[in-house]
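Summary of the model geometry
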Amino acid sequence: MAGTPVKLGSILSFCAVLYAMFYRRDNFGDVRLSSVKVHLLHLEKENRVGSGIHQPKVALGYGACHDLFVNATSLLNPKDLKGKPEHFNEITSKEEFIKSFAYFFKHGAAAERFMSNGELYDELVEQSLKLPDSRWAIGGNAPLMAKRFHLEGWKVLLGAKMSKKLKSYIPKDIEIVGDENDEEVKDDVHMILEYRADEEFGVYKSPRANRYIMHNDENNPLLTSLEKLGKTLPLFSPNLLVISGLQMMDNFPFKQNGRDLRAERLDLVKQQILTQPINTLAHFEMASYVDLELLLHLTTKVIPFVDSIGMNEQELSNLNSVLEYGKVMVVADSNPRIATALDQMRKTFEIIRQKNIQFGSKRKLTRIHVHTLAYQAILTVKDSNWKRTKAAAAKASLTAHRYVCNSQNIALDKSKLLLDDSFSTTTDNNNSRVFFEATRPVACWDEVLDNYEVDICVAPVLICTEAQLTAGAGDNISAAGLVLQVEK
């Protein structure tokens, strides 16, 4: 199989030749780009979504919002940063906001935080609207993933309470449930503070393009569409159920008169998953969490009962840390080695499989998708219900470029590769390496984890060097990774 790990000693003599071959330059810079593009597109073309009676169906929850996009360094003044950048779980003041933003900016790390100061939040929204390049769009994990599934040919049911104006952003073929007929809905607003690679904020420079999200939500933390979605699911009969948007519960003030409303809502999420037929696959979309109590709830009420998890490199490190050590990891390497990510995926897989047994779950974790700036990594259990892992990794990679560049065209003059000529498959054994071949860019191999055979595929990303969009990239990439893996 292409990309099977090989012993280092047998290939050392070829290293100089391979280095020269891979790093020759052409008009686009890296000579590998053209071959990688051709072969990723070939995998995508050869693997299509079913249509007609074979069209797969997906149901997604929970919530939606208006995203207000704004250039972060236009809105914020580095002179307002008093002291060093600092992490806060919850934002209560302008000073904390500036410090928190700078903390993640200098790491190039994505973040999402709840601002409890509603008056300050409204002021920041007003300031943002005065900037010439601010813009509105639909937001929320579920709507963005829903739009991607629809674009790729799936039939879609979306659970979200939305105003008529917000619904106008959604394709008419997507069925929406969540609010009562003629109900006046006040949409939550999220501020998306975007910045580009190498942008400066005072003495700090961002190592990569990313975004900092701020919200002051009222509807989304309560998962207000949950019951309506639950009533519609039996009739819709989805092939895939996607659970997302639970990060809106992060640091939200739920406890009232000794009652933990958040735990109650998450119990209902669990019940919604459990009531689905076992052949309806369940996927949980991770996000940026800092509330340890919420994360621990997820590890007992949601994660043990899903078939699949999708996340970026920051979210993988955080989930792994919570599962293994019971601690939150606020920020991690924004461009981790493949070997490091794969080791974390393996450990996460093994711990969650143990939790499947501990909680008596009929579902077992059979899929993990991790998307990073440089590569896509997908692990699936062999002979499970997940199909076409290699093609899915290629699809996710192409979607990463297209979405961030905001163009269907894969432009080589706006692309770069960060992968070296080879990579280790684990940090424990440097003799197990995969050589990156531009003519066979998606490397796949078999392993045995927790006594189960798994497939692991790694695809390079043709990184968009002129980022137009950052917020929502993960949602689109995760959905694209799923669209080819479920067959009706």
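Presented here is an overview of the structure given in this document.

What counts as what
- Residues numbered from 1 in each chain as written.
- Predicted model: local features only at pLDDT ≥ 70, side-chain atom pairs only at ≥ 80, totals over all residues.
- Heavy atoms only, no water.
- Patch = residues over 30% accessible without salt bridge, like charges linked within 9 Å, V, L, I, M, F, W, Y side chains within 5 Å.
- Areas by Shrake-Rupley, 256 points an atom, 1.4 Å probe, with all protein chains shown as cover.
- Salt bridge = Lys/Arg side-chain N within 4 Å of Asp/Glu carboxyl O.
- Lys, Arg positive; Asp, Glu negative; His and termini not counted.
- Charge placed at Lys NZ, Arg CZ, Asp CG, Glu CD.
- Helix = DSSP H or I, 4+ residues; strand = E, 2+ residues; numbered from the N terminus.
- Buried < 20%, exposed > 50% of the residue type's maximum accessible area, 1.4 Å probe, protein only.
- Axes fitted to C-alpha atoms, helices over the stretch in contact; angles between N-to-C directions.
- Parallel < 35°, antiparallel > 145°, perpendicular 65-115°, else oblique.
- Left-handed = near helix turned anticlockwise from the far one by under 90°.
- Contact = heavy atoms within 4.5 Å.
- Core = buried A, V, L, I, M, F, W, Y, C linked by side-chain atoms within 4.5 Å.
- Pairing = 2+ DSSP bridges.
- Right-handed = clockwise from strand over helix to strand, strands pointing away.
- Polar contact = N/O pair within 3.5 Å; in protein donor to acceptor, adjacent residues only side chain to side chain.

1. Details of a negative patch on the surface
- A contiguous patch of negative charge on the surface is contributed by Glu 119, Asp 122, Glu 123 and Glu 126.
- Note on placement: Asp 122 falls in helix α5 (residues 118-129).

2. Quick look at unusual backbone geometry
- Between Gly 61 and the following residue, Tyr 62, the backbone shows a cis peptide bond with an omega angle of 10 degrees.
- The topology assignment puts Tyr 62 in the loop between β3 (57-61) and β4 (65-71).
- One non-glycine residue, Asp 383, adopts positive backbone phi at about 65 degrees.
- Its location among the elements puts Asp 383 in the loop between β20 (375-381) and α13 (389-405).
- Judged by its relative accessible area of 83%, Asp 383 falls in the exposed class.

3. Concerning the packing of helix α6 (residues 141-151) against helix α14 (residues 473-483)
- Where α6 meets α14, the closest approach of the two axes is 8 Å, and the angle between their N-to-C directions is 45 degrees. The angle between α6 and α14 places the two elements in the oblique class. Handedness of the crossing formed by α6 with α14: right-handed. Every residue of α14 that contacts α6 at Asn 141, Leu 144, Met 145, Arg 148 and Phe 149 is listed here: Asp 475, Asn 476, Ser 478, Ala 479, Ala 480, Leu 482 and Val 483.

4. Some remarks on the nonpolar core
- Formed by 61 residues in total, the largest nonpolar core has its most connected members in Leu 246, Phe 284, Leu 298 and Ile 309.
- Looking at which element gives the most residues to this core, the answer is helix α12 (residues 338-358), with seven residues.
- For Leu 246, the residues in contact, after removing those within four places along its chain, are Tyr 62, Leu 223, Leu 266, Phe 284, Tyr 289, Leu 294, Leu 298 and Val 302.
- Val 70, Phe 105, Leu 124 and Val 331 belong to the second largest nonpolar core, which has 30 residues in total.

5. Focus: the pairing of strand β6 (residues 111-115)
- For β6, a buried count of five out of five residues is recorded, marking the element as mostly surrounded by other parts of the structure.
- Side chains Ala 111, Arg 113 and Met 115 of β6 all project onto a buried face; the interleaved residues Glu 112 and Phe 114 project onto the opposite face, where all are buried too.
- With two bridges connecting them, strand β5 (residues 90-91) and β6 associate as parallel partners. Each residue of the ladder has a partner; that of Glu 90, found in β6, is Phe 114.
- Tracing the backbone out of β5, into helix α4 (residues 94-107) and back to the parallel element β6 gives a crossover that is right-handed.
- Pairing between β6 and strand β13 (residues 210-215): four bridges, direction parallel. Paired with Glu 112 across the two strands is Ile 213, which belongs to β13.

6. Things to note about the side chain of Ser 100
- By the element assignment, Ser 100 lies in helix α4.
- There is a polar contact of 2.7 Å between the side chain of Ser 100 and the side chain of Tyr 212.
- When sequence neighbours within four positions are dropped, the list of residues in contact with Ser 100 reads Glu 86, Phe 88, Ile 91, Arg 113 and Tyr 212.

7. As for helix α10 (residues 292-301)
- Those residues of α10 lying buried are Leu 294, Leu 295, His 297, Leu 298, Thr 299 and Lys 301.
- Elements in contact with the buried residues of α10: β16 (259-260), α9 (261-274), β17 (281-285), α11 (313-325) and α12.
- Residue Asp 291 occupies the N-cap position of α10, its side-chain oxygen lying 3.1 Å from the main-chain nitrogen of Glu 293.

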